[in-house]
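# Structural features, examined
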Amino acid sequence: MRLSPAFLSTQASLFSARLSPAFPSTQASLFSARRLPSVALFATSTGAMTSTSDVATFLNGVNSDYERLHRDFEMQFWGTKMALAGYETTDELTRTKGEMEAFLADESKLAKTRELLGTVPAASDDGKTLKMLERTFGCYIMESEEAKALRAEATKIEGQLESARNKLTLGATIDGKFEEMSSVGLRNKVRVGADEKVRKACYEGLTTIGDFVTANGFVELVKVRNRMAKKLGFLNFYYYKVTNAEGFGVKALFEILDTLEEGTRPIMEAARKRFAEEKGGANALEPWNLSFLMAGDVTRRMDPYFPFEKSVEQWGRSFSAMNISYRGATMDLDLLDRKGKYSNGFCHWPQPAWVKPDGTWQPSTTHFTSLADPAAVGSGLTGLTTLMHEAGHAAHFANIEMPSPLFSQERSPTSVAYAELQSMFLDSLVGDADWMAKYAISREGEAIPWDLIADKIKATHPYKVFALRGMIAVPYFEKALYEMAEEDVTAESIKALADKVERDIQGGLSPRPLLSVPHLLSDEASCYYHGYVLAEMGVHQTREFFLKRDGYISDNPKVGPTVTQAYWKPGNSEPFLSLVENLTGAPLSGQAWVNELKQSVEDVLKEEKVTYDKKRAESAEECASIDLDMRIRIVDGDEVLADTSKEGSFLGACKVFEGYVQKRFAKKE
């Protein structure tokens, strides 16, 4: 999630946000060790400023103040989402978010920015920074006082809904007894549970999320969001969010999505027909059966080759081999599922990376999370994929090399698609045969056999279109949701719309009900999911580029430097569509994605077998050390499990984490 994506106090102290017991004095030092020079709080007066020094004073004030306000909010965001001690209410989260957004919505700053733009060369660093600030302030400024009040009301409703959702007891009634499970646990059972009755019960458990959120504020939240957007001159909230995030409108977006939807509909319809014929009839297409019958058995057989306790090490080895550096970053990883924890992986940055006025480098500080249950079948692969995804976000934002922290924050005007392309490109490696040949290793040290990978390809490739259709269903649902007349927005109409979109876009009810998607609730992530679709188009196009240029991606040492230069360093200074075209040499399109869906199973098997055999023939000797140029702390809520500064190395911290997971989950395996 930049969720997620996604993506502030007026007190004098740089660290006024409360630090939880899990972040003792060492946490503060993560920031204070590189604390910026003290700068007086920027005055909002727009008096005459014409000299170079006045431009510098303005930019320094904006940068340092935003950095502080951003940090205050992000510390509250992390504490609340991770359910840490001392963060039991959302009051401080709401306050710090409001202060950060008030700073970004200060009209005098926009006026001063525009005034100064005429005094510096457009191509200079100052000119580029001022132009970015103009875009950023423009995304947040609300000229209507009514819109501001509605924004505050929406934030309050969202906080209350989030608090209630965190306390919701989820689970399934199995053999007459209620068994508590998180949404992650329920989805996992739907994927791999051998008993159809259990799978159905877990699916029904997931549907209760929609009942809960529509009864606890989501209906009113949709109405208030729409009222706010209309006060700002937008058709509705969906139009407001897309325009601010992407820089182009909903019409242009859905010209792209409609082309993808129409081009893959025949593939989806043929795949559903084939699936029913192969798996025993229409019952196979029930939402609690589809995922399991497609790959449940293969997932179980693959499980031993993805022990979650090795995931951090395998991520590090994979990224290191691709020459990816985190440039001095500090990272907190909260990887294990637990009650009360936010039910989706995400990556946020309390400290954005940027180049300070004196030319020195300010490394990033990253918080990211996954939801692994090492005792559950299939959780190792799911957890590793999430880890690779969020670590991709972290690598991207650790390498933005621009003269303001506002180039490297994940909210508007940073494109959702731009941010998600980086993480999804890197997590795509986990499904490649050559990557698995090296990194899918059992606890006994055995590599995953080719026959098992071949079985996975045979079981899943004909039905990859299901994932595409599930992805595009979310933006089609959100667009339709915010287009509803206010008097028609009710709990029942929202649930009926979700079911209708699932049937229209996916051909039937979805194994992951639309109303269980957490992005819908959060302001940062709402009306965001289209970014995953555009990003996935970019992933296939970027993969195609590397395969044509270099012949391979996994362990390719050219990957890191190439994406760092082309995609990561510019931050939000360049449009997403331009970045993709600049690297790949072609405008963004879904053609590479559709071409893969049309590829025959036989051709995929042939290509993947070649890469698998080549990787297995390489030396199996592992690097004795891994240097990603960062400090990591692996935490579980308030508890610190491993720390590279304490253990002395990345691999040392991995070994401690591995031992912790093995000990904690030994009885459940």
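Going along each chain's sequence as written, the residues are numbered from 1 onward. Under the rules for a predicted model, residues below a pLDDT of 70 receive no local features and side-chain atom pairs below 80 are neither given nor counted, while totals for whole chains, interfaces and linings still include all residues. Each side-chain value is derived from all of the structure's non-hydrogen atoms; neither hydrogens nor water enter the calculation.

## Description of the overall build of the chain
Rule in force here: Strands here mean DSSP runs of E at least two residues long; helices mean DSSP runs of H or I at least four residues long; both are numbered from the N terminus. The globule rule used for comparison is 2.2 Å times the number of residues to the exponent 0.38, while the radius of gyration itself is calculated over C-alpha atoms. Think of it in three bands: residues with accessible area under 20% of the maximum for their type are buried, residues over 50% are exposed, and the middle band is partly exposed, with areas taken using a 1.4 Å probe on protein chains only. Methods summary: accessible areas were calculated by the Shrake-Rupley approach with a probe of 1.4 Å, and residue burial reflects only the protein chains presented. Positive charges are assigned to Lys and Arg, negative charges to Asp and Glu, while His and the chain termini are left out of the count. To locate a charge, take NZ of a lysine, CZ of an arginine, CG of an aspartate or CD of a glutamate.
Tallying secondary structure elements over the chain gives 26 helices and nine strands in all. Relative to its length of 669 residues, the chain is compact, with a C-alpha radius of gyration of 24 Å against a globular reference of 26 Å. Taken along the three principal axes of its C-alpha coordinates, the chain extends 75 × 65 × 50 Å. Here the chain, with 669 residues, has 60% of them falling under the buried criterion. For the chain, the computed accessible surface area is about 25500 Å², with 52% contributed by carbon and sulfur atoms. For the chain, the separation between the mean place of its 79 positive charges and that of its 94 negative charges on side chains is 1 Å.

## Some thoughts on the confidence of the model for the chain
Predicted coordinates in areas of low pLDDT are best not read in detail. Just so we agree on the cut-off: As a per-residue measure, pLDDT reflects the predictor's confidence and takes values from 0 up to 100. Residues are treated as being in contact if the distance between any of their heavy atoms lies within 4.5 Å.
On average, residues of the chain score 90 in pLDDT, and 92% of them reach the 70 mark or higher. Counting contacts from residues 1-49, a segment whose pLDDT is below 50, to residues more than four positions away or on other chains yields 163 contacts.

## With respect to the state of the cysteines
Test applied: Only a pair of cysteine sulfur atoms within 2.5 Å counts as a disulfide in this structure description.
Following the criterion strictly, the structure yields zero disulfides and no others. Residue cysteine 139 stays outside any disulfide, its sulfur separated by 15 Å from that of cysteine 527, the closest cysteine. Since its relative accessible area comes to 9%, cysteine 139 is described here as buried. You can see cysteine 347 has no disulfide; the closest cysteine sulfur is in cysteine 654, sitting 17 Å from it.

## A look at the packing of helix H11 (residues 250-279) against helix H12 (residues 290-302)
Threshold: Convention adopted: a line fitted to C-alpha atoms gives each axis, helices being fitted over their contacting stretch, and angles between N-to-C directions are expressed from 0 to 180 degrees. Working definition: roughly parallel below 35 degrees, roughly antiparallel above 145 degrees, roughly perpendicular at 65 to 115 degrees, and oblique for all remaining angles. Here a crossing is called left-handed whenever its near helix is offset anticlockwise from the far helix by less than a right angle, and right-handed whenever the offset is clockwise. Side-chain classes follow a simple rule in which Ala, Val, Leu, Ile, Met, Phe, Trp, Tyr, Cys and Pro form the nonpolar group, Asp, Glu, Lys and Arg form the charged group, and the remainder, Gly included, forms the polar group.
The contact between H11 and H12 brings their axes to 11 Å, and the two run at 70°. Relative to H12, the element H11 lies roughly perpendicular. Between H11 and H12 lies a crossing whose hand is left-handed. Residues Arg272, Phe275 and Lys279 of H11 form the contact with H12, whose participating residues are Leu290, Leu293 and Met294. Residue classes in the contact of H11 with H12 are distributed as four nonpolar, no polar and two charged.

## What to know about the pattern of salt bridges
What counts here: By definition here, a salt bridge exists when the distance from a side-chain nitrogen of Lys or Arg to a carboxyl oxygen of Asp or Glu is within 4 Å.
Taken as a whole, this structure holds 50 salt bridges when the rule is applied. The salt bridge partner of glutamate 158 is lysine 97, with a shortest N-O separation of 3.8 Å. Taken together, the residues span a long stretch of sequence, with glutamate 158 in helix H6 (residues 145-167) and lysine 97 in helix H3 (residues 91-104) at a distance of 61 residues. Overall, the relative accessible area of 13% leaves glutamate 158 in the buried class. Note that arginine 338 and aspartate 334 form a salt bridge whose closest N and O atoms lie 2.8 Å from each other. The class for aspartate 334 is buried, based on a relative accessible area of 0%. What emerges from the salt-bridge pattern is a single network uniting Lys97, Glu101, Arg151, Glu158, Arg225, Asp523 and Glu524.

## A closer look at the nonpolar core
Basically, it comes down to this: Put simply, buried Ala, Val, Leu, Ile, Met, Phe, Trp, Tyr and Cys residues joined by side-chain atoms within 4.5 Å make one nonpolar core.
Of all hydrophobic cores here, the largest spans 201 residues; its most connected members are Phe218, Trp315 and Tyr326. Sort the elements by how many residues they give to this core and helix H18 (residues 465-483) lands first, with eleven residues. Here tyrosine 326 is in contact with Trp315, Phe319, Met331, Ala391, Ala394, Ala395, Ala398, Leu628, Asp629 and Met630, once residues within four sequence places are set aside.

## A few points about the sheet that holds strand S9 (residues 639-643)
Our working definition: By the convention used here, strands pair only if DSSP detects at least 2 bridges between them.
With mixed pairing, the five strands of this open sheet are ordered in space as S4-S7-S3-S8-S9. In this open sheet, the two edge strands, each paired with only one partner strand, are strand S4 (346-351) and S9. The average undirected angle you get between the axes of adjacent strands in this sheet is 25°. In terms of strand pairing, strand S8 (residues 630-636) meets S9 through four bridges, oriented antiparallel. Paired with valine 635 across the bridge in S9 is valine 640. Of the strands in this sheet, strand S3 (329-336), S4 and strand S7 (365-372) are in contact with helix H14 (residues 379-398), which crosses S7 at around 165°. With respect to the sheet, helix H26 (residues 650-665) is in contact with S3, S8 and S9, its orientation differing from that of S9 by roughly 135°.

## Focus: the packing of aromatic side chains
Put simply, the test is: Classification of ring pairs rests on two measures: the distance between centres of Phe, Tyr or Trp rings, Trp counted by its six-membered ring, which must be within 6.5 Å, and the angle between planes, read as stacked under 30 degrees, edge-to-face over 60 and tilted in between.
This structure, assessed with the given rule, holds 26 aromatic pairs. Centre to centre, the rings of phenylalanine 77 and phenylalanine 346 are 5.3 Å apart; their planes meet at 80°, and the pair counts as edge-to-face. Of this pair, phenylalanine 77 sits in helix H2 (residues 52-81) while phenylalanine 346 sits in strand S4, placing them 269 residues apart in sequence. For phenylalanine 346, a relative accessible area of 0% translates into the label buried.

## Notes on the side chain of threonine 460
Rule in force here: We define a polar contact as two N or O atoms separated by no more than 3.5 Å, with the added condition that, inside protein, one atom must be a possible hydrogen donor and the other a possible acceptor, whereas residues neighbouring each other in sequence contribute only through side-chain atom pairs.
Relative to the assigned elements, threonine 460 resides in helix H17 (residues 450-460). By relative accessible area, threonine 460 is classed as buried at 17%. Polar side-chain contacts of threonine 460 include one of 2.7 Å to the backbone oxygen of lysine 456. The contact partners of threonine 460, leaving out residues within four places of it in the chain, are Met294 and Ala295.

## Description of the pairing of S7
For S7, the buried fraction is high: eight of the eight residues fall into the buried class. Burial of S7 is two-sided: the residues Thr365, His367, Thr369 and Leu371 facing one way and the residues Thr366, Phe368, Ser370 and Ala372 facing the other way are all buried. Two elements, S3 and S7, share six bridges in a ladder whose sense is parallel. Looking at the pairing, leucine 333 lines up with phenylalanine 368 of S7.

## What to know about helix H19 (residues 491-506)
Defined as follows: Expected helix span is given by 1.5 Å per residue-to-residue step, counting one fewer step than there are residues.
The terminal C-alpha atoms of H19 lie 22 Å apart, and with 16 residues this matches the ideal 22 Å at 1.5 Å per residue to within 8%. All buried positions along H19 are accounted for by Ser493, Ile494, Leu497, Ala498, Val501, Glu502, Ile505 and Gln506. Turning to H19, the residues buried within the fold contact helix H8 (196-215), helix H9 (218-231), H11 and H18. Looking one or two residues beyond H19, the residue adopting positive phi is glycine 507, at roughly 85°.

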